[in-house]
Structures are given as structure tokens and as C-alpha cells.
Amino acid sequence: MSRKFKINLHRMLLSLHKNIHALKCQDQFSSISLSKLQNYTSPHEVRSLHAQILKTQHSEDLSLLSRLAHRYLLCHCLGDALQVFAQMKREKDPHVFLWNEFVKWYSRNGFYIESMEFYRCLSLSKTPPNEFTFTFILPACAGSRSLFHGRSIHAQIILRNMDSNLFVATALIDMYGKCGDSLSSRQVFDELRQPTTASFNALISGYVTNGEFNEAMWVFNQMLISRERMDAMTMASILHACASLGALQQGRWIHELIERENIEKNEYVGAALINMYAKCGSIADSLKVFDEINRRDLVLWTSIICGLGSHGLAYEAERIFLSMIRTGIKPDTITFVGILCGFSHVGLVEKGWEYYKLMSSYGMEYSLEHCNCMVDMLGRAGKLEEAENFVREMDMKPDAGIWGALLNACKIYKDVERAERVVEEVLTLDSDNAGWYVLMSNIYATSGMWDGVAKMRTLMKQRNVLKLPGWSWIEVDGQIHNFLVADNSHPLSYEIHKLTKDLDKRMREMGYVPLLDCVFSNMGEGEKEGLLCGHSERLAIAFGLLSTKPGTTLRVMKNLRVCIDCHNATKFITRIVGREIIVRDAKRFHHFREGLCSCGDYW
């Protein structure tokens, strides 16, 4: 072997050794960098490591850059993450992991449109989406209530044969529910071979969100039958359904189930229990649950304040509000809505102004809900001119609800002239809501202006607006029984109507006089009296008296406001039967006992 050949061989081996050493160093640096990234939590640390990477040959290491962009997103440094992403895309399409992270970040931070745009870019790239992609993009569709995009993505899921994936299917159930398409949500659920807690929760939550509370209860019962594990989210959702239905007996059974199964009573479950008992007419149970919870957050405090307010217990709501302040918890805008509503129900106008102005000291801006409370408060107190001036001088544009609160005050005080001004504003904003036409028609009827009544009915026909029927319901032995005006559909209809007539006769002997002004139709007195006797809340009360033991408290729910005549009649009925009757109407609770109502005839 020649000397020259030996020298060249030596040089080759030396060069190879150096390259191997360099590769080992690069691998070591890459490994160290990835390890550091896992521990970095501040933008400064991540940017410092990024600078080191740029000074080395690792600036083209796609795996390392992918983790770097991910860490930037975890630090909420979106601009830096996008810069790294753009650098990678110039070389080669990034791994689907990084695409997913951007889709997820935008969605979870409320940038739903951006999340869907990033997904669109992914679908146009050479990188195929995977199951995780769809579990991240579907919540963006749900958040933006974009049913069109949700259905489009569902079609892509089917094309990729990923619809059988349990996580993807659960995300679809949740998306359809939040977008208001309960039917599609149920169809996806029914195709699951083995539903999980998460899929049950998604379906129940969707039904509750869409106001389909009976359907939510049915699914919950199926969950019990299947022996699927229930969690805090299950209970919070189903308690909300019980609250909306006024299903106290079922709500109490679920409360017992929570205790028996040792389900975590977190702030959401605690608040749901307080809300359920309050909306089912048992505010004493709400207070008991509240007192039993040691660690109280703002949600719990607000729930009990709102519950007390809806029952007209304004002073108790204020006492708890002040206790919350003393514990160092700062109220939010919803807390103030609750306490302002409480003051409105009992006519504490000065207190209302005091707390309304207090909001500014917390740096809060007034919302339409707060303004609605003030207009309602002023209107009920007879300060109609002050209420109208308040509305016209608002910094924000009043909505139909605010004008409607003023219109309702015009009805209470029979101010037809002002009502005619107000109804024009209401119908300009919300011409499809039958309630406004009916309310104005009632104002005309109360003043005997039947031409005005006819005008409102004609407007409804011309605009194809349908009147929402008034109905009431009561829970007996865990079952909900519904009643319309003059309803004859119930199996006990004969007995119910017989009892209402007997009660009417006994009430008249005690001094009850029907308030015919509550019938807003041009008919004879006899017909009006018969119509009043058949009001839905009276039928529900009669059924409750027939179906429960003496002394049992009756809890009746109504979708509209209780009329003055039924309010008076219920006071007489409590004296006759010696029972407490609690009525929840569209605005508040009335606790009737021994001929009196908790509202003091002010509502």
C-alpha cells in the first residue's frame, strides 16, 4: 500500500469521524432543545431558544420547529407561532399535528372563523386531516353556530370513513345540538354501538340548550338503564332540565342520586342544584344547598341571589350580596341583574338606583339586561314618564325587551296614549312576536277601545303572526300534567271542571268578584265568567287538589304572566283548602298562603 494512498485514507476516516461527531452533536442539541421546550412556560424563554435554533443548522429541523410553534401557541404567542409555521411551509407542508394545534387554538380561544379558515387551508394542502382534526374543528362550528359548515365537515368525515370514531361522533352530537339541530344530533347518537358518558352528556346538553327538556329527561333515563357512568356535567345539565320543567320531585331524586353515587358537587353542580330548587318553587332548599357548600365561587353566590330575587325576597338577596362582598368576591354583571330584578319585584326604586349606580364603581358597563330591570322597576312603580325618558336617553339602542317592559307598565296603569307610542317602537324591532300585539290588544280592551283590538288582530293576520297559547303545568308523582284554557283533554277533565265550579261558588260566598276586565274579548258577562273559571292555572290547581294528599303544597308553572283575576282567585282558594299554592309565571314566583300572596299584590 503506497504512502499516498494511506494519507488519503487517513484523511477520509478523519473527515467521516468529524461528520459523525457533528451529527451526534446535532442530535444531542435537538434532543436538549426538545427537552427544554417541554419545560418553558414564558414567551421570553421560548424566544431565547428560538434564537439559538436559528444560529445552528437546526433551523430546518421540521420536527423541532413544529414543537417550537406548538410551544408558542401554549404561551399564546400567536404571531410567533404563525411565523414559524410559515417558515416550515416554505420547505414542506407541516405535519398534521401542527395544523391541528392551530385549528384547536383558534377554536378554544373563541376565534371560530379563523379556526374554520385554517381548517380550509389544511383541506387544500397535501396533508390529510385525521380524527383529531375533526374533534377540534367541530367545536368551532358549534361556537359560531354555523350549521352549514358543520354539515359540510360531517360529509367530509363520512367520505374519510371516520364517522364511526367515538370521539368524532361525540363532537358531531355536540355540534348539532349547539347549532339547534337536535334531530341530526340524535341520529348520530343512535348510530353509536356503545354510547359513552361523553356522548350521553353531549346529547342531553343539546336538548337542554334547545329547550327540549322532556327529551333530555328521556335520554337521562336511558343513560340510567344502560348503567353508563354519570358525572358532574351530566347532573348539571339534567338539573337545568328539571328547573325549566318545574319538576321538583325529579330534581330531588337526582339530588339524592348525586349524594348516593358520590358525584363531585363542583361549582356547576352546586349552582345547578340551587337554581333547580329556586325555579321549582322551593327557595328554602336552595338556601340549604347554598349553606352546605363551604367553598363558594361567584357562580354559587350569583345563583342564590338570582333565586331569591325571582321569589321577591329582595332584602334577603341584598343581605347575601353584601356577605359576598365581605368575603372578597367581586360581583359580575349577572349578579347585578339578579339583585336589580329582586328590587323591581317589590318596588324598591331607590335601592334599585343605588345598585345600578354601584356598578360603575366596579368598572362595569351597563348592558341591555340592566336597563331592562330599571325600566321594569320604574314602570311597575308608576313612574312611566321617568321610565320612558330613561329609555330614550340610553347610551345604547334599546331592544324590543326594554320597550316591552315599558309597554307592560302602560297596561298596568292603562296609559293608552303612551302605549301607542311605545308599541310602534316595539314592532319596529320585533314584528314577529305575537306577545306585543296581544299586550297592546289587551291595553285597548281594558279601556273598551274595541276598534284598537280589531286593528291589532288585523295586523297579526296581515303579518301572519300566530298567538302563543297560555298554558300551565303541575308535577304530580314525578309526572308533568299540562293544561290549556278550557282544556278538556285530561283524563280527569270532568272532575277538574266540576271542582273549579265548586270552588268558584264557595269563593263568591266569601266575597270573590270576577274581574271581567281580564277577558280581552267583546262578549257577554256570563261568557267572560266561564272563560275565567277555565283559565289554565285554575285547572292545574284543581288537578293538584284532586291528586295530592290534604296539606300538600301545590306548585304550578305558567308560560305567561298570571292574570289579576286568577291571582285573586288563588288567594281565596288557599283559604278554602288550607294549603300553600306556589305559582311560577313568566316573571316571578307567587307564594299564596291563607288568603295572601308573597308579592303583596305588587307584580
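Calculation criteria
Residues numbered from 1 in each chain as written. Predicted model: local features only at pLDDT ≥ 70, side-chain atom pairs only at ≥ 80, totals over all residues. Heavy atoms only, no water. pLDDT = per-residue confidence, 0-100. Contact = heavy atoms within 4.5 Å. 1 Å grid on protein atoms, 1.4 Å probe; cavity = no way out; pocket = protein on both sides within 12 Å on 5 of 7 lines; lining within 4 Å. Points joined across faces, edges and corners; volume = space filled by probe spheres on them. Helix = DSSP H or I, 4+ residues; strand = E, 2+ residues; numbered from the N terminus. Nonpolar A, V, L, I, M, F, W, Y, C, P; charged D, E, K, R; others polar. Salt bridge = Lys/Arg side-chain N within 4 Å of Asp/Glu carboxyl O. Buried < 20%, exposed > 50% of the residue type's maximum accessible area, 1.4 Å probe, protein only. Core = buried A, V, L, I, M, F, W, Y, C linked by side-chain atoms within 4.5 Å. Pairing = 2+ DSSP bridges.

Draft legend 1. Region of interest: the confidence of the model for the chain. Of the residues in the chain, 88% reach a pLDDT of 70 or more, and the chain-wide mean stands at 88. Every residue in residues 16-34 is under pLDDT 50, and counting partners more than four places away or in other chains gives 13 contacts.

Draft legend 2. Empty space enclosed by the protein, seen in detail. A complete count under the given rule lists 1 cavity of 30 Å³ or more for this structure. Looking at the largest cavity, its volume works out to about 40 Å³. Broken down by element, the lining of the largest cavity gets its largest block of residues, 4 residues, from helix α27 (residues 493-509). Considered class by class, the residues forming the lining of the largest cavity number 4 nonpolar, 1 polar and 2 charged.

Draft legend 3. Spotlight on the layout of surface pockets. Taken as a whole, the second largest pocket holds about 1,000 Å³ of empty space. Forming the boundary of the second largest pocket are 39 residues, of which N275, K279, S310, A586 and K587 lie nearest the centre. Elements supplying a minimum of two residues to the lining of the second largest pocket: α12 (213-226), α13 (232-245), α15 (267-279), α17 (298-310), α19 (333-346), α21 (368-380), β1 (471-476) and β2 (479-484). Taken together, the residues of the lining of the second largest pocket break down into 17 nonpolar, 13 polar and 9 charged.

Draft legend 4. Spatial organisation of the pattern of salt bridges. Enumeration over the complete set of coordinates arrives at 22 salt bridges. A salt bridge links D502 to K498; its shortest N-O distance comes to 3.5 Å. Taken as a pair, D502 and K498 lie in helix α27 at a separation of 4 residues, close to a single helical turn. Judged by relative accessible area, D502 falls into the partly exposed class, the value being 36%.

Draft legend 5. Quick look at the nonpolar core. Within the largest apolar cluster, 145 residues are counted, with the highest numbers of intra-cluster contacts made by M235, I238, M276, F390 and L407. Residue contributions to this core peak at 9 residues, all from α13. Not counting chain neighbours up to four residues away, the residues in contact with L407 comprise A419, V422, V423, W436, L439, M440 and I443. Grouped together as the second largest cluster of nonpolar side chains are 29 residues, I496, C566, F572 and I581 included.

Draft legend 6. Inspection of the sheet that holds strand β4 (residues 581-584) at higher detail. Strand order in this open sheet of 6 strands is β2-β1-β3-β4-β5-β6, and the pairing throughout is mixed. The open sheet has two edge strands, β2 and β6 (596-597), and neither has a second partner.

Draft legend 7. Local environment of unusual backbone geometry. At D477, a position not held by glycine, the phi torsion is positive, near 55°. Position of D477 among the secondary structure elements: in the loop between β1 and β2. Overall, D477 belongs to the exposed group, its relative accessible area being 66%. Of note in the backbone geometry, A486 takes a positive phi value of approximately 55° without being a glycine. As for its placement among the helices and strands, A486 is situated in the loop between β2 and α27. Note on A486: relative accessible area 41%, which makes it partly exposed.

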